Amino acid sequence: MKKKFQLLSNLLSVFYPRLCISCGDALQENEEHLCLHCQLHLPETNAHLSAENPLEQIFRGRAQVQDTFAFLSYRKGNCVQKILHQLKYKGNKEVGAYLGEMYGRKLAQSGKLADADCILPIPLHPKKKKVRGYNQSEWIARGLSEATGIPYATDILVRNTFTETQTKKSRFNRWQNVKDVFAVVQPDRLVGKHVVVCDDVLTTGATTEAAIQKILEVEGTRVSVVTLATAQ
Ligand SMILES: [Zn+2]
């Protein structure tokens, strides 16, 4: 049966070759999403290996964050842009789990996040989730969880929804909306825990900051941030 499946799979690949999402070359049987060459040349930040992690400064003075790690450096036109495009707009959620797992293994090997209790993906705006059909951060969290053994939960950190009219009210209200864009439900599940917030890209950190603040309101929590990419 396995042989038959293999034969079918080989046959299919003649007509529909699986391609590397970065360079477009046909993938070998043992390769997934990225060819070996592209995988070996991923622009890793290696932030988890440096004593002076440059990503730490993103939240300085804004939110108390224990560790901030991002796997890859996003630059316009580089392979990370292609990967994120696949993940967000081409329905390739599996690449999120694949790279999340790859990064999870690296973090675990370097002893990072060893005392973390749970991973919470940043929830997507419901409208966007409806269009996309999935939350890409959740798929990254799945991969991270698989590699590190840290469980992930999608029913603790949730996104509030606001109507259009509410967001147009006034500047003060707009700030209120940003501040309260997330909510922690079932806060008892986070008391005293080291929480890892997981997102796809870290840019200015404004959205992530709003989520961190809500988590830190729960007694005894500590927060770290892990993202697939950073534009910093
Ligand atoms: Zn490639």
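Check the entry above for the structure.
Just checking my understanding: could you explain helix α6 (residues 136–148) for this structure?
What sets the pattern is the α-helix's 3.6 residues per turn: residues three or four places apart point alike. Between the first and last C-alpha of α6 there are 19 Å, a value that for 13 residues agrees with the 18 Å anticipated at 1.5 Å per step. Within α6, 11 of the 13 residues are buried, which leaves it mostly tucked inside the rest of the structure. Within α6, the full set of buried residues consists of Gln136, Ser137, Glu138, Trp139, Ile140, Ala141, Arg142, Gly143, Leu144, Ser145 and Thr148. Turning to α6, the residues buried within the fold contact α3 (79–89), α4 (94–109), β2 (118–121), β5 (194–202) and β6 (222–230). A positive phi of about 80 degrees marks glycine 149, the residue just after α6.

Would you mind showing me how to read the sheet that holds β2 here?
For sheets, the rule is that strands pair by backbone hydrogen bonds, running either parallel or antiparallel. Pairing is parallel in the open sheet, where four strands are placed in the order β1-β6-β5-β2. Two strands bound the open sheet, and with one partner strand each, they are β1 (68–73) and β2. Along the sheet, successive strands turn relative to each other by an average axial angle of 20 degrees, direction set aside. For β1 and β6, the ladder comprises five bridges, and the chain directions are parallel. In the strand pairing of β6, phenylalanine 69 is matched with valine 226. Lying on the sheet, α3 is in contact with β1, β5 and β6; it crosses β5 at an angle near 105 degrees. Of the strands in this sheet, β5 and β6 touch helix α9 (residues 206–216), which is tilted by about 170 degrees from β5.

What counts as what
Residues numbered from 1 in each chain as written. Predicted model: local features only at pLDDT ≥ 70, side-chain atom pairs only at ≥ 80, totals over all residues. Helix = DSSP H or I, 4+ residues; strand = E, 2+ residues; numbered from the N terminus. Expected span 1.5 Å × (residues − 1). Buried ≥ 20, exposed ≤ 12 C-beta atoms within 10 Å, placed from the backbone. Contact = placed C-beta atoms within 7 Å. Pairing = 2+ DSSP bridges. Axes fitted to C-alpha atoms, helices over the stretch in contact; angles between N-to-C directions.

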